[in-house]
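Structure assessment
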Amino acid sequence: MELIIAKTKEEASRKAADLIACAVRKDPKIVLGLATGSTPETMYSNLAEDCKAGKVTFADVKSWNLDEYVGLEPTHDQSYRYFMNAKLFDHIDINKENTHVLNGLATDVNAECEAYEKEIKDAGGIAIQVLGIGSDGHIAFNEPGSSLVSRTRKVALTPQTIQDNARFFEKAEDVPRFALSMGIGTIMEAKRIIILAFGANKADAVAGAFEGAVSAFCPASILQMHPDVWFFCDEAAAANLKLKDYYAWHGEEVLKEELGG
Ligand code: PGA
């Protein structure tokens, strides 16, 4: 895993956006896996700016999102389809028909999840998967205890996640208790993973993911088993890492190389 530590969320987001834009320029038909939550918002704004400035085009890009709440209409302002349109798709030249978000209203949940996995496979698999990390170490909605080889399925949110996400709803009781989520096994099949974490409330999860034992109790720790992970943090989120200076030094070097000097 490579770790890039920036002073601020803005600086880290810009670097992560550069890595994605560079990959899209190299492969204009790239398949992206996308994430929601407050974490990737700044990076998505950066990509939208790049697209408007003519530095990158998403015209032939396809995307699959990680997860969706069960029971929310795509037009609900807290649904992840709504989020993706509002924060990214409405501001770039992507064809919305090439963007995919799980249907949280599906009556046959298993069929929905199986079809989603098949679509990703038929598209050639995800080249770059964007991830955030929950304060409990979750990735997508794979909460502690999720099988490390799980596939796309219906999952139950932990009380911690419900509390963390209550800020987006009027009250905690409005946060859906269930979601459809790509599994950890699904995520691990992406060729490259770009994970972002900002703020002191992510510091324990980042330390668990990076330096803890690989365990279903911290689902993000499975990323230690992936050959191509780029972790972008601000200083607050990286604060609990024992070897952070070493990771940061090496991360900067390889990022420079990756972006072409
Ligand atoms: P956040 O959520 O970006 O809203 O902090 C991250 C996550 O739960 O993956």
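Preceding this paragraph is the structure being described.
Structural notes on the pairing of strand S8 (residues 178-181)
- Bridge count for strand S4 (residues 67-69) against S8 is 3 bridges, and the pairing is antiparallel. Within S8, the position partnered with Glu 68 by the bridge is Leu 180.
- For strand S7 (residues 153-156) and S8, the ladder comprises 4 bridges, and the chain directions are antiparallel. By the bridge assignment, Ala 156 is partnered in S8 with Phe 178.

Considerations on empty space enclosed by the protein
- Counted according to the given criterion, the structure contains 1 cavity of 30 Å³ or more.
- Together, Ile 20, Leu 32, Leu 34, Leu 47, Phe 58, Leu 88, Phe 89, Ile 92 and Ile 94 line the largest cavity.
- Across the lining of the largest cavity, the residue classes break down as 9 nonpolar, no polar and no charged.

Examining the nonpolar core
- Within the largest apolar cluster, 78 residues are counted, with the highest numbers of intra-cluster contacts made by Tyr 44, Phe 58, Ile 195, Phe 231 and Phe 232.
- A total of 8 residues in this core trace back to one element, the largest contributor, which is helix H1 (residues 9-26).
- Setting aside anything within four residues of it in sequence, one finds Phe 232 in contact with Ile 4, Ala 12, Lys 15, Ala 16, Leu 19, Ile 194, Ile 195, Leu 196, Ala 197, Phe 198 and Leu 255.

So, a nonpolar patch on the surface
- Nonpolar side chains collect at one region of the surface, where Leu 243, Tyr 246 and Trp 249 lie side by side and expose about 370 Å² of accessible area between them.
- Its location among the elements puts Tyr 246 in helix H9 (residues 244-258).

Observations regarding the layout of surface pockets
- Of the pockets and cavities examined, the largest pocket occupies roughly 580 Å³.
- The residue inventory of the lining of the largest pocket, partitioned by class, reads 12 nonpolar, 13 polar and 8 charged.
- There is about 180 Å³ of room inside the second largest pocket.
- Taken together, Glu 117, Ile 120, Lys 121, Gly 125, Ile 126, Gln 129, Arg 151, Thr 186, Ile 187, Glu 189 and Ala 190 form the lining of the second largest pocket.
- Put simply, the parts of the chain that give the lining of the second largest pocket at least two residues each are helix H4 (109-122) and helix H6 (184-188).

Reading guide: rules and limits
- Residues numbered from 1 in each chain as written.
- Predicted model: local features only at pLDDT ≥ 70, side-chain atom pairs only at ≥ 80, totals over all residues.
- Heavy atoms only, no water.
- Pairing = 2+ DSSP bridges.
- Helix = DSSP H or I, 4+ residues; strand = E, 2+ residues; numbered from the N terminus.
- 1 Å grid on protein atoms, 1.4 Å probe; cavity = no way out; pocket = protein on both sides within 12 Å on 5 of 7 lines; lining within 4 Å.
- Points joined across faces, edges and corners; volume = space filled by probe spheres on them.
- Nonpolar A, V, L, I, M, F, W, Y, C, P; charged D, E, K, R; others polar.
- Core = buried A, V, L, I, M, F, W, Y, C linked by side-chain atoms within 4.5 Å.
- Buried < 20%, exposed > 50% of the residue type's maximum accessible area, 1.4 Å probe, protein only.
- Contact = heavy atoms within 4.5 Å.
- Patch = residues over 30% accessible without salt bridge, like charges linked within 9 Å, V, L, I, M, F, W, Y side chains within 5 Å.
- Areas by Shrake-Rupley, 256 points an atom, 1.4 Å probe, with all protein chains shown as cover.
- Salt bridge = Lys/Arg side-chain N within 4 Å of Asp/Glu carboxyl O.

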